Amino acid sequence: MTTGPGIEPSTSPFPGYNQPVSPIKNSIEAAYYRPALPITLSLMAGIILTQGLPGFVIAALFILIVAALRLAICLRRDRPARWSPLLATMAAGYLAMVPWLSPTQGPDHVAQYLDTGYWRIQGTVVDSPIVRFGRTRLLLDVNTLSREAVSQSVRGRIRLTVIGELNLDPGDRVAFPARMRAFRNFRNPGGFDYRRHMAFEGILGSAWVQADKIRRIGKGTRSLATRLIHAARHRLAQMIDAAGGQDAADEKAVLKALVFGDRSGIDDGLRERFNRAGVGHLLAISGLHVGIVATLAFGVFRWIFSLFPPLLWRGWGRHWAAAATLVPVLAYGLLAGMSPSTQRAEFMVAVFLAALILGRTQDVLNTLAVAALVILAFFPPALFSISFQLSFAAVLAIVYGLEKIGAAGEPARSPAKRAGRGLAGFVLVSFLAIAGTAPVVLFHFNQTSVVGIATNLFLVPVAGFVAVPLGLVSAFVSLFFEPAAALGFWLSIKILHLALMGVDFFSGLSFAAVKTVTPSLMEIFVYYLAGWALLNLRKTSVAPWVLAAAIVLAAGDGLYWSYQRFWHRDLKLTAIDVGQGGCTLMELPGGGVVLYDGGGFSDNRLFDMGQRVVAPVLWRKKIATVDILVLSHPNADHLNGLIYIAKYFNVRELWSNGDVNTTKGYGELMAVCRQKDIVVRTVDAGTGKTIIGPVTLTVLHPSAGFLDQPADIDQEYRNNGSLVVKATMGDTAFLLTGDIEARAESQLVQRVGRGLASTVLFAPHHGSRTSSSPDLIASVAPAVVVISAGAGNRFGFPHAEVTDRYRKAGSRILCTGIQGAISMRSDGKTVVVRPFENIE
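Scoring rules and cut-offs
- Residues numbered from 1 in each chain as written.
- Predicted model: local features only at pLDDT ≥ 70, side-chain atom pairs only at ≥ 80, totals over all residues.
- Heavy atoms only, no water.
- Disulfide = S-S within 2.5 Å.
- Buried < 20%, exposed > 50% of the residue type's maximum accessible area, 1.4 Å probe, protein only.
- Pairing = 2+ DSSP bridges.
- Helix = DSSP H or I, 4+ residues; strand = E, 2+ residues; numbered from the N terminus.
- Axes fitted to C-alpha atoms, helices over the stretch in contact; angles between N-to-C directions.
- Parallel < 35°, antiparallel > 145°, perpendicular 65-115°, else oblique.
- Left-handed = near helix turned anticlockwise from the far one by under 90°.
- Contact = heavy atoms within 4.5 Å.
- Nonpolar A, V, L, I, M, F, W, Y, C, P; charged D, E, K, R; others polar.
- Right-handed = clockwise from strand over helix to strand, strands pointing away.

Student: Looking at this model, I keep getting lost on the state of the cysteines. Mind explaining?
Tutor: A covalent bond between the sulfur atoms of two cysteines is what we call a disulfide. One pass over the structure, following the stated rule, counts zero disulfides. Here Cys815 stays free of any disulfide, with the sulfur of Cys583 as its closest cysteine sulfur at 15 Å. By relative accessible area, Cys815 is classed as buried at 5%.

Structure below.
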């Protein structure tokens, strides 16, 4: 390796690491110019490979050993190691992730007792319970299980939901009877892996119990520090509530979230307002908040230490200020509860401060990579955390973007120019942060804020640099003089009132936020590739070629999805896994979309099936518009998931049987239809056929005038009024039956007869024994039967006699509770069926 005059050759295993900043010719050496960056990327690649290519532990171990030996040889011979550090780190990342994906639990772990019936459970409350909508949710460390006079010690953590409001504190020991259940996913293509997410948090199961069934049996032992922090948080919450009075509920909730991380008062409406305005990141303590605290503390300490000339003479002012800043940063994290996202932010800031203390401030990107490397080394699943992805994407985009754009320039002399440059710099930083995190935000939240830069320009200074510091100073002052602290909290609330006025203004704009389809991993890669090329367009000769490649890839991706969405000539149906409910998506040739029912639970405040399950399926298929919603009948497990779809998917029509239900969900759906100008059509067997291209939709049931009965409709009658729709294309047909039961089936067979014949039958009423009569099965003669039912549902659907009936008829039976989503594709002659999981 050649070096400049007076420069010793590098003895580091990383090429170029000991070299000064200079033009680098060799591409490998260029990669190691910031040595922590390629090592961190290799570790990330290994962690990701564990997800896509599981089961290669021996191969990864072999690669690790070979690469480590090669690296040792290079170190011994003072030769640069180019590929061995990367391969070793990648293999180490793969192996580090294996225990998290396939954990081995001992016989005394609660994982061995999930789904094994009722137990008398004893455990210790881990964190402060969250009380919302009449329910109390908390984490519980289980230590004892008993049943039939047999008691055994166990270990492990579960999530406990108490039906009712219960006042419990961390450390309380409780006892109650309940079933512990394993988490189950909604198994849809690209769906969120909730079971894996909870496993990464160390939580493998859940339990439910009525409030009157749980009993406090004692207090656990907690450290003095834990008790002091809990008492401080409780006292600060009381002071903030008192300072805000009876009003200002939102302001008080936001202040608690900003000062000590209590987000229990942030309801869905307030969170959505912040998200639409593009400032949702302000509500969760993250790198931004910790960074603000560190910046302000560093400035104060640097001013204090500047008063001591000996420190200035030795150039120690910055070093001591950075060391002193660690104290308030750590205190803020402890006060905020040290959630995983707060821990990562604390560590990231601590690494930057350590670099200042050691005098290594020359490369922020390398320091950022070191922070990520250490976090992932200790906790590999952090890579899949939204907060980790957003934090590092934002900082990386800001630092790299500013470096490439070269925004520093000559120092401004006049105050006006300095102010203008500061404003321009803030706008640029906001733009880079939003641009850098845009794919991550779209992938996880399917929403982008159009007004984000303007809102951040207003909100971050007001909330971040005024309300947060004032609130923290007030919290500190409360230790000595509560009246002054109360005044500080009162001022913070008034400032936040101004901030919330800004949030309401921006979020209230009709164009404030846009719902978007989900970008694929390929599209995210192309986006960042194009971003890199644009930033380096005038700096390297490779950049134009990279940009051209990104454009070609984007064009190919656009053509692929255009075919999948609009140019395909087949009929595609998907029985979406919505648990105990029904939801079927029809994608028609030419791009038309029909959604038959939407699943749902009884209370959308607790879990919105449309938002959490159905909409993500549509967005991943690049569906942003649903032409027709079909509500088979107004029961919650078919209706409630449609509300969100009606709000955000440009729906043109809603088909209904005309049955009016007095539930909150039905009223909300009708209100959305009025607000969005959705045409509500009452259809029945007399409506006639609807022809959309080569597909014919025929309503076969109920018969005309079925509602001309007394207004009081019992549940059986409501089920029997379900819309039965037949979708026909060529020689193939799909029969969707809602919740009809034997009486309606008999009427249908008598009225339609062989006209019911279909290739695929969506079993009536989730496979209940009150449906799927022999006459219906004989008339339909289905080759495939799809049953939409939740795994382990309390009704026992599908009932054994029903599945036996279908088997005797020679039908292939598929159930969403077993196989997950069922995808079907018809070319008019044959139907190809692909379950999400091949379990027959």
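Student: Before we go on, may I ask you to explain the sheet that holds strand β13 (residues 584-587) in this structure?
Tutor: Two modes of strand pairing occur in sheets, parallel and antiparallel, and in both the strands are linked by backbone hydrogen bonds. Strand order in this open sheet of eight strands is β17-β16-β15-β14-β13-β12-β25-β26, and the pairing throughout is mixed. Because the sheet does not close on itself, it has two edges, and the strands there are β17 (679-682) and β26 (831-835). Shown here is a sheet whose adjacent strand axes are inclined to one another by a mean of 15°, direction ignored. Summarising the sheet, strand β12 (residues 571-575) and β13 pair through four bridges and their orientation is antiparallel. Bridge pairing in β13 links Thr574 to Leu585.

Student: What am I meant to see in the packing of helix α6 (residues 224-244) against helix α7 (residues 249-260) here?
Tutor: Packed helix pairs are specified by the crossing angle of their axes together with the interaxial distance, meaning the distance between the axes. Direction vectors running N to C along α6 and α7 enclose 150°, while the axes themselves pass 10 Å from each other. Viewed along their axes, α6 and α7 adopt a mutual orientation that is roughly antiparallel. When you trace α6 past α7, the crossing you get is right-handed. Between α6, through Arg233, Leu236, Ala237, Ile240, Asp241 and Gly244, and α7, the contact on the second element is made entirely by Lys252, Leu255, Lys256 and Phe260. Each residue belonging to the contact of α6 with α7 can be placed in one class, and the counts come to five nonpolar, one polar and four charged.

Student: Teacher, can you tell me more about the pairing of strand β23 (residues 784-787) here?
Tutor: Looking along a regular strand, one sees the side chains alternate between the two faces of the sheet. Residue alternation in β23 divides its side chains into two sets, Val784 and Val786 and Val785 and Ile787, and both sets are buried. The pairing of strand β22 (residues 760-762) with β23 spans three bridges and is classified as parallel. Within β23, the residue paired with Val760 across the bridge is Val784. Where the polypeptide runs from β22 across helix α25 (residues 774-780) and back to β23, its parallel neighbour, the crossover connection is right-handed. Of the crossover connections in this fold, the one passing from β23 over helix α26 (residues 800-808) to the parallel strand β24 (residues 812-815) is right-handed.

Student: So what exactly am I meant to see when it comes to the sheet that holds β24 here?
Tutor: Across the sheet, seven strands lie side by side as β18-β19-β20-β21-β22-β23-β24; this open sheet has mixed pairing. Edge positions in the sheet fall to β18 (689-692) and β24, since each has one partner strand and no second. Each adjacent strand pair in this sheet contributes to an overall mean axis angle of 20°, direction not counted. The pairing of strand β21 (residues 732-736) with β22 spans three bridges and is parallel. Each bridged residue has a counterpart across the sheet, and for Leu736 the counterpart in β22 is Phe762. Packed on one face of the sheet, helix α24 (residues 742-752) meets β19 (695-701) and β20 (724-729) and runs near 120° to β19. With respect to the sheet, α26 is in contact with β22, β23 and β24, its orientation differing from that of β24 by roughly 145°.

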